[in-house]
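# Observations on the three-dimensional arrangement
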Amino acid sequence: MSASQTSTSDVPTLLVKIFGKDKPGITAGLFDTLAAYSVDVVDIEQVVTRGRMVLCALVTAPPSGLEGDLRATVHSWAESIKMQAEIISGLGDNRPRGLGRSLVTVLGHPLTAEATAAVAAKITKVGGNIDRIFRLAKYPVTAVEFAVSGVETSPLRTALVTDAAALGVDVAVVAAGLHRRAQRLIVMDVDSTLIQDEVIELFAAHAGCEDEVAEVTAAAMSGELDFEQSLHARVALLEGLDASVVDKVRSEVRLTPGARTLIRTLKRLGYQVGVVSGGFTQVTDDLRERLGLDFAQANTLEIVDGKLTGKVTGEIVDRAGKARLLRRFAAEAGVPLAQTVAIGDGANDLDMLNAAGLGVAFNAKPMVREAAHTAVNVPFLDTVLYLLGVTREEVEAADMHEEI
């Protein structure tokens with residue numbers, strides 16, 4: 001560290017704040033005004049909220065005897081453009097941010113003042129300091145990001161996620177740093193995550209045993225039944241169905257709102273996207289082709305002589321299998337496991353969620369929400385983009401550019 005770096009705390013500085021109705025040319029005008037006094041720029045920050053602007057510039061103090069003239073000139077310039085100015089003398093730069101830096105994303109539908117106050121108070125209580133707040137989206141949910149320092153990520157996550165549900169918000173806490181943008185593999189569950197349906201129940205409806213299958217499915221997803229046993233029991237009820245039912249089920253599948261936007265945006269960002277499912281390849285292979293997925297793995301319904309046999313073939317994709325496939329996909333994609341994101345809703349997704357760098361419980365069962373890194377409880381799959389720091393404006397701009 002140079003001598004000049006060690007002595008910056010003793011350098012006289014001025015904090016120049018300009019605020020009022022936003023209009024073009026304010027930033028250029030302020031620095032044109034300051035340029036006449038040979039000051040150096042130490043820091044700049046600008047925020048615009050509902051057409052009102054706050055521009056802060058931290059600059060070195062002008063040569064001796066010129067500060068009074070600088071103050072008068074800045075105030076006069078601000079008045080000429082119908083803005084207000086405030087100038088505060090001090091020493092040095094902003095105080096260094098504390099060790100331990102995290103990004104806290106809060107999703108609300110709506111985001112209430114009460115919930116925001118509670119989140120901010122909790123950050124303070126565990127020793128954190130809010131350095132910056134930025135809105136990521138205003139619809140279909142309100143999403144804001146807090147940059148926090150002074151506390152390690154793990155205890156901050158524990159403190160915030162514990163109370164999130166009671167506050168009516170979703171909270172995700174990740175370590176700040178370049179690796180956040182480097183998470184290059186997303187792996188999703190299919191049933192009740194990528195799609196709104198449970199595929200086996202769609203098949204069961206054609207076999208006349210939907211209620212019976214749904215009951216077993218619910219028990220399996222809540223962790224009350226062993227998944228593999230429940231899978232065999234449910235599939236056995238499909239014995240004798242004509243294979244033509246596969247095309248009918250494919251046509252009945254409904255994507256979760258925001259699914260196409262999520263996948264399209266991730267692909268633009270260079271992510272690889274995969275799905276793992278306790279459902280069936282007869283559906284996931286079709287989804288892979290329709291959505292341009294990089295990876296897809298599921299169970300396979302056995303078909304002999306044009307009829308479902310009531311059995312599955314090959315390796316069973318169960319709770320442990322999903323985690324195993326996440327690792328396999330990551331290896332094939334050349335992505336470290338710590339830079340993966342997994343999304344799911346049921347008990348059989350838990351191993352995968354915990355193995356990923358970021359595990360997201362999407363409209364999940366209570367036991368899954370409690371065990372995952374974070375939870376999203378709004379019915380829009382593309383809200384996961386906000387947890388990755390992608391803004392709604394960036395998504396819309398990319399869509400518009402593609403249309404042009």
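Residues numbered from 1 in each chain as written. Predicted model: local features only at pLDDT ≥ 70, side-chain atom pairs only at ≥ 80, totals over all residues. Heavy atoms only, no water.

Here we come to the pattern of salt bridges. The final tally for this structure, using the stated rule, is 17 salt bridges. Residue E86 is joined to K17 by a salt bridge in which the shortest nitrogen-to-oxygen separation is 3.3 Å. Here E86 is found in strand β4 (residues 84-91), whereas its partner K17 is found in strand β1 (residues 12-21), with 69 residues between them in sequence. On the basis of relative accessibility, which here comes to 32%, the residue E86 falls in the partly exposed class. Under the relative-accessibility criterion, K17 is labelled partly exposed at 27%. Shared partners join several salt bridges into a network, and the residues in it are D189, K322 and D349. (Salt bridge = Lys/Arg side-chain N within 4 Å of Asp/Glu carboxyl O. Helix = DSSP H or I, 4+ residues; strand = E, 2+ residues; numbered from the N terminus. Buried < 20%, exposed > 50% of the residue type's maximum accessible area, 1.4 Å probe, protein only.)

Now for helix α12 (residues 319-333). Its 15 residues give α12 an end-to-end C-alpha distance of 22 Å, which sits within 8% of 21 Å, the value for a rise of 1.5 Å per residue. G321, K322, A323, L325, L326, F329, A330 and A333 are the residues of α12 that are buried. One or two steps after α12, the chain reaches G334, where phi turns positive at roughly 70°. (Expected span 1.5 Å × (residues − 1).)

Turning our eyes to something else, we now look at the nonpolar core. M188, L194, F203, F280, L287 and I343 are the most contacted members of the largest nonpolar core, which has 65 residues in total. In terms of residues, this core owes the most to one element, helix α6 (residues 199-207), which gives five residues. Non-local contacts of L287, meaning those with residues more than four positions away in its chain, are made with V190, L194, I195, V253, L255, G292 and L293. By size, the runner-up hydrophobic cluster in this structure holds 22 residues, among which are V317, L353, A364 and V368. (Core = buried A, V, L, I, M, F, W, Y, C linked by side-chain atoms within 4.5 Å. Contact = heavy atoms within 4.5 Å.)

There is a patch of like negative charges on the surface, built from E210, D211, E212 and E215. For E210, the location among the structural elements is in helix α7 (residues 210-221). (Patch = residues over 30% accessible without salt bridge, like charges linked within 9 Å, V, L, I, M, F, W, Y side chains within 5 Å. Areas by Shrake-Rupley, 256 points an atom, 1.4 Å probe, with all protein chains shown as cover. Lys, Arg positive; Asp, Glu negative; His and termini not counted. Charge placed at Lys NZ, Arg CZ, Asp CG, Glu CD.)

What follows is about the sheet that holds strand β6 (residues 129-137). Here four strands make up an open sheet; going across it, the order is β6-β7-β5-β8 and the pairing antiparallel. Looking at the sheet topology across the chains shown, the edges are occupied by β6 and β8 (169-175). With direction set aside, neighbouring strand axes in the sheet form an average angle of 20°. Note that strand β5 (residues 101-108) and strand β7 (residues 142-149) share eight bridges and pair antiparallel. Along β7, the bridge assignment pairs V104 with F146. In the packing of helix α5 (residues 153-167) onto the sheet, the strands contacted are β5, β7 and β8, and the crossing angle to β8 comes to about 170°. (Pairing = 2+ DSSP bridges. Axes fitted to C-alpha atoms, helices over the stretch in contact; angles between N-to-C directions.)

Mean pLDDT for the protein chain: 91, with 94% of residues reaching 70 or above. Confidence over residues 1-7 falls short of pLDDT 50; this stretch has one contact with residues more than four positions distant or in other chains. (pLDDT = per-residue confidence, 0-100.)

The end-to-end C-alpha separation of α7 is 16 Å, in line with the 16 Å expected for 12 residues at 1.5 Å each. Every buried residue belonging to α7 is among V213, T217, A219, A220 and M221, and all of these are buried. Looking at the buried side of α7, the elements it contacts are α6 and α8 (227-236). Count one or two residues on from α7 and you reach G223, which has phi positive near 90°.

The next thing to look at is the packing of aromatic side chains. The full count for this structure, using the stated rule, is two aromatic pairs. Pairing F203 with F280 gives two aromatic rings, centres 5.9 Å apart and planes at 90°, and the pair type is edge-to-face. Highlighted residues: F203 in helix α6 and F280 in strand β10 (residues 272-280), separated in sequence by 77 residues. Each member of the pair, F203 as well as F280, carries the same accessibility label: buried. (Phe/Tyr/Trp six-rings, centres within 6.5 Å; stacked < 30°, edge-to-face > 60°.)

Once that is clear, we can look at the environment of E396. Structurally, E396 can be placed in helix α16 (residues 392-403). Separated by 327 residues in sequence, E396 and D69 place their C-alpha atoms 46 Å apart.

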